[in-house]
Every structure is written in structure tokens, then in C-alpha cells.
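So you can see what is in the structure, the chains are spelled out below.
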Amino acid sequence: MSYLNTLIFGIYPYIALAVLFIGSWIRYDHGQFTWKAGSSQMLRKKNMVLASVLFHVGILVILFGHFVGLLTPHWAYEPFITPGQKQVMAIVVGGVAGVACFIGALMLTIRRFTDPRVRATSSGADNLIIVLLTAQVALGLLTILPTMGHLDGGTMLKFSAWAQGILTFQGGVANHIADVHWIYKLHIFLGLTIFVVFPFTRLVHMFSAPLEYLTRRYQVVRKRA
């Protein structure tokens, strides 16, 4: 079990991050015409706007919360907030955002598999990634249950030490989370797996920002005579 824990949480993160960044770079370099969100709104607008807003707003809040919560050193917030208070805040904010994101993701998943027009234009990667994202959000919400049993922030500090250790190439980081609840571990494993499939799906559009739009020339549009 110790070897498996090291493999999944000590070695697999580097494999996942390597595939994420190198794979995305290769795809952008060799397949820019495939680098797109691939919206299906034009095929069927019913419930699309609501589902998309719930999903995207929820996932952005979740990603920001994970980024700040895991990568902010303990000494940076210690004078202002305790680990326990930080954990309660994460439960409340993450719980609200997670529910919104899950509802939106579930609506999008049902739409993708039940709407004939959307299903016909969906690739295997499209179907896979929406299922993975929905499952990942559901697992994230389930982690609230064991978290409620220990509100001292100790477990959160373990995850922070693990994530920061991965990014700073520290040895033995998998030991930080060796004894945490299996739901947490499954949540982390699925998140790393999403990193692995990321370059091969429409998720690559997350790396794009329409900055050129701000400086491009005005388009001349003439009315038809």
C-alpha cells in the first residue's frame, strides 16, 4: 500500500502535469484549428444558457479556491485566519459553488447524451470529459462529509503540504496524505487523470484569452444595397 500511495500521489502528479503542459503545447503548435471550445449552443439553445452559466461560474470559483487554498503558504494567512476558519470558509464557498457547478454539469451531460443533434456532433473525447468533470464535482461535494468530522483544519494543511511539495519537487510528499479518507484520494486521483486527458479534449480552450481582440483593427461592415 505504501508503494501504491507513492506511485499515485508522489509520481503520477508529475506524469499528469507533464502530459498536461507538453501535450497542450504540442497540440497548439500542430493543431491550432482544433483548439476551440466547440460550443453546441447553435444546435439547441434550450436550457443551454442556464446550464453553461451554472457550470462555468461554479467551476471558476472552485478552481480559484483550490489554487489559493492549496498553494498559499500557511504563514501568509496565519496572522489573519486560522486553518479551521479557512476550512469552514472553503466548505461554505466551495459547497455553494460545487452545487451550482454540479447542477450545470449534470444538465450539460444529460443534454449531450439525450439530444439527438448534440449527440451526433459529439466526439468520444467530448463525452468522456463531461462525464469525468461531473463525477469530479460530485466527489468534491462528497468530501464535505468527512471534512465536517474534523473542522480544525489539520487535513487541509496536509493537502497544502502535499500540493506545495509537488510544485517544489520535495521528496516523500505522498506521505502527507497517506492516512486521509479514501474519498479525498479518489478526488485527487480523478483530478490528476483529468490533467492527463486535458490536451486531447476541448478543455484546452481554458488556456486561451481573446487578447488580440482588444488591439485588432475595426472590421468594415457594409449594408447590402
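Residues numbered from 1 in each chain as written. Predicted model: local features only at pLDDT ≥ 70, side-chain atom pairs only at ≥ 80, totals over all residues. Heavy atoms only, no water.

When its secondary structure is counted, the protein chain shows 10 helices and 0 strands. Counting from the amino terminus, the protein chain carries its helices and strands in the arrangement α-α-α-α-α-α-α-α-α-α. Dimensions along the principal axes, computed over C-alpha positions, put the protein chain at roughly 70 × 35 × 35 Å. Burial statistics for the protein chain: of 225 residues in total, 36% are counted as buried. For the protein chain, restricting intrachain contacts to residue pairs at least 6 apart in sequence, the fraction spanning at least 24 positions comes to 80%. Between the centroid of the 18 positive side chains of the protein chain and the centroid of its 7 negative side chains there is a distance of 19 Å. (Helix = DSSP H or I, 4+ residues; strand = E, 2+ residues; numbered from the N terminus. Buried < 20%, exposed > 50% of the residue type's maximum accessible area, 1.4 Å probe, protein only. Contact = heavy atoms within 4.5 Å. Lys, Arg positive; Asp, Glu negative; His and termini not counted. Charge placed at Lys NZ, Arg CZ, Asp CG, Glu CD.)

Time to look at the UniProt feature "binding site: heme b 1" (unreviewed entry) in the protein chain. Following the UniProt record, one finds the feature "binding site: heme b 1" (unreviewed entry) at H56 and H205. In summary, the annotated positions, though distributed over 150 residues, converge in three dimensions, the widest C-alpha pair being only 12.7 Å. For H56, the side chain forms a polar contact with the main-chain oxygen of S52, separated by 2.8 Å. Note on H205: relative accessible area 28%, which makes it partly exposed. Reaching out from H205, the side chain makes a polar contact with the backbone oxygen of R202 at a distance of 2.6 Å. (UniProt positions renumbered as here; feature names shortened; annotations may be inferred. Polar contact = N/O pair within 3.5 Å; in protein donor to acceptor, adjacent residues only side chain to side chain.)

We now examine unusual backbone geometry. The backbone of F169 sits at a positive phi, close to 55°, despite the residue not being glycine. When you line up the elements, F169 lands in the loop between helix 8 (154-167) and helix 9 (182-197). Classification of F169 as exposed rests on a relative accessible area of 66%.

What follows is about helix 2 (residues 48-71). For helix 2, which comprises 24 residues, the first-to-last C-alpha distance of 34 Å matches the rise-based estimate of 34 Å (1.5 Å per residue) to within 8%. Considered for burial, the residues of helix 2 that qualify are M48, A51, F55, G58, I59, I62 and G69. Its buried side turned inward, helix 2 meets helix 4 (83-114), helix 6 (124-142) and helix 8. (Expected span 1.5 Å × (residues − 1).)

Another point: the pattern of salt bridges. Scanning all chains against the criterion turns up 2 salt bridges. A salt bridge links D126 to R202; the shortest N-O distance between them is 3.0 Å. Of this pair, D126 sits in helix 6 while R202 sits in the loop between helix 9 and helix 10 (212-215), placing them 76 residues apart in sequence. Here D126 matches R202 in class, with each residue buried. (Salt bridge = Lys/Arg side-chain N within 4 Å of Asp/Glu carboxyl O.)

Bringing the confidence of the model for the protein chain into the picture now. Mean pLDDT for the protein chain: 90, with 95% of residues reaching 70 or above. Across the protein chain, element-level confidence peaks in helix 9 with a mean pLDDT of 97 and bottoms out in helix 10 with 72. (pLDDT = per-residue confidence, 0-100.)

With that settled, consider the packing of aromatic side chains. The geometry of an aromatic ring pair comes down to the distance between the two centres and the angle between the two planes. For the structure on display, the rule yields 5 aromatic pairs. Summarising the aromatic geometry, the rings of Y12 and F189 are spaced 5.5 Å apart at their centres and angled 35° between planes, so their arrangement reads as tilted. In this pair, Y12 is assigned in helix 1 (residues 2-30) and F189 in helix 9, connecting sequence segments 177 residues apart. Ring centres of F21 and F207 lie 6.4 Å apart, and the angle between their planes is 20°; this geometry places the pair in the stacked category. Here F21, found in helix 1, pairs with F207, found in the loop between helix 9 and helix 10; they are 186 residues apart in sequence, far enough to count as distant. With a relative accessible area of 49%, F21 lands in the partly exposed category. The rings of F21, F198 and F207 are connected pair by pair, giving a single aromatic cluster. (Phe/Tyr/Trp six-rings, centres within 6.5 Å; stacked < 30°, edge-to-face > 60°.)

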